[in-house]
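Summary of the model geometry
What follows is each chain in one-letter form.
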Amino acid sequence: MKSNDIKEAALKYFTIHGYEGASLSLIAEEVGMKKQSIYAHFKGKDDLFLQVLRDAKETELSSKLQYFSNIDSKNPEKDLYGFLQLVIDLFQKNEQLKFWLRMSFFPPAHLAKAIEKEVIDIEEKVQSILESKFQAWIDAEAIVGDAAKTPTLAFLGVVDSIMLELVYGNDEKRLKDKLAASWTVFWRGISH
């Protein structure tokens, strides 16, 4: 159980202070142990950081997979817009995902390649799932199109725009306006 307690404390410090500002001493103190005891559970700060990052990645992926498993090909407008709302809710309300979002945009320099690999992995998995959903919607004539790749990549562009606003923006109205405008243009492009 101590490993999870350590990761939970580390998540808090990495999210608030970033990699550089989070110290193993403070993390250990939060859990009620000595700094050296962390090494019984993790190789060091990098190992702890990457484990916390991978846990956050799995939280994001499982949330999205669960969402996709509950949608069908009957109402792509509702399902796709719902997915955009899910993204906003996840990254505004879940501490793990706030951490994941920040670190994917602002990785510690020496861990940038490892983090990039994790980000690309989840992006490819989500793209693959979305492509199969878009293909099902095209086949069911619920949306227009010949191949699923184009609407998938366009939709991911809308998702990226929302993510960027979540990272850099602090204005709820701007986020809502950007979502409404992006969605209107995107949906107009694929609907009958």
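Moving on, we come to the nonpolar core. Ranked by internal contacts, the top residues of the largest apolar core, which has 63 residues, are Ile27, Leu80, Phe134 and Phe155. Mapped onto this core, the elements with two or more residues apiece are α1 (2-21), α2 (24-31), α4 (45-69), α5 (76-93), α6 (95-105), α7 (112-139), α8 (149-168) and α9 (172-190).

Glancing now at the layout of surface pockets. As a volume, the largest pocket reaches approximately 330 Å³. Around the largest pocket, the lining comprises 14 residues; the ones closest to its centre are Gln92, Leu166, Val167, Gly169 and Asn170. Taken together, the elements giving at least two residues each to the lining of the largest pocket come down to α5, α6, α8 and α9. Counted as a void, the second largest pocket has a volume near 230 Å³. Together, 15 residues line the second largest pocket, and Ser104, Val119, Glu123, Asp160 and Met163 are the ones closest to its centre. At the level of elements, α4, α6, α7 and α8 are the ones that each hand at least two residues to the lining of the second largest pocket. Considered class by class, the residues forming the lining of the second largest pocket number 10 nonpolar, one polar and four charged.

Attention now goes to the pattern of salt bridges. Counted under the stated rule, the structure contains 14 salt bridges. Here aspartate 79 makes a salt bridge to lysine 78, at a shortest N to O gap of 3.4 Å. On the accessibility criterion, aspartate 79 (5% relative accessible area) is buried. Counted as one network, the salt bridges with shared partners bring together Arg54, Lys57, Glu118, Asp121 and Lys125.

Cut-off values and rules
Along each chain, numbering runs from 1 in the same order as the chain's sequence is written. It should be noted that, the model being predicted, local features are given only for residues of pLDDT at least 70 and side-chain atom pairs only at 80 or more, the latter also being counted only at that level, while totals for whole chains, interfaces and linings use all residues. Side-chain calculation: all heavy atoms of the structure are included, whereas hydrogens and water are not. Residues belong to one nonpolar core when they are buried, are Ala, Val, Leu, Ile, Met, Phe, Trp, Tyr or Cys, and are joined through side-chain atoms within 4.5 Å. For every residue, the accessible area (1.4 Å probe, protein chains only) is compared with the maximum for its type, and the residue is labelled buried under 20%, exposed over 50%, or partly exposed between those bounds. Segments assigned H or I by DSSP are reported as helices when at least four residues long, segments assigned E as strands when at least two residues long, and all are numbered from the N terminus. Cavity and pocket criteria rest on a 1 Å grid covering protein atoms alone: a 1.4 Å probe that fits but cannot get out defines a cavity, protein on both sides within 12 Å along at least 5 of 7 lines defines an open pocket, and an atom within 4 Å of a point defines a lining residue. Grid points are joined across faces, edges and corners, and a volume is the space filled by probe spheres set on the points. Classification used: nonpolar for Ala, Val, Leu, Ile, Met, Phe, Trp, Tyr, Cys and Pro, charged for Asp, Glu, Lys and Arg, polar for all others including Gly. The working definition used for a salt bridge is a side-chain nitrogen of Lys or Arg within 4 Å of a carboxyl oxygen of Asp or Glu.

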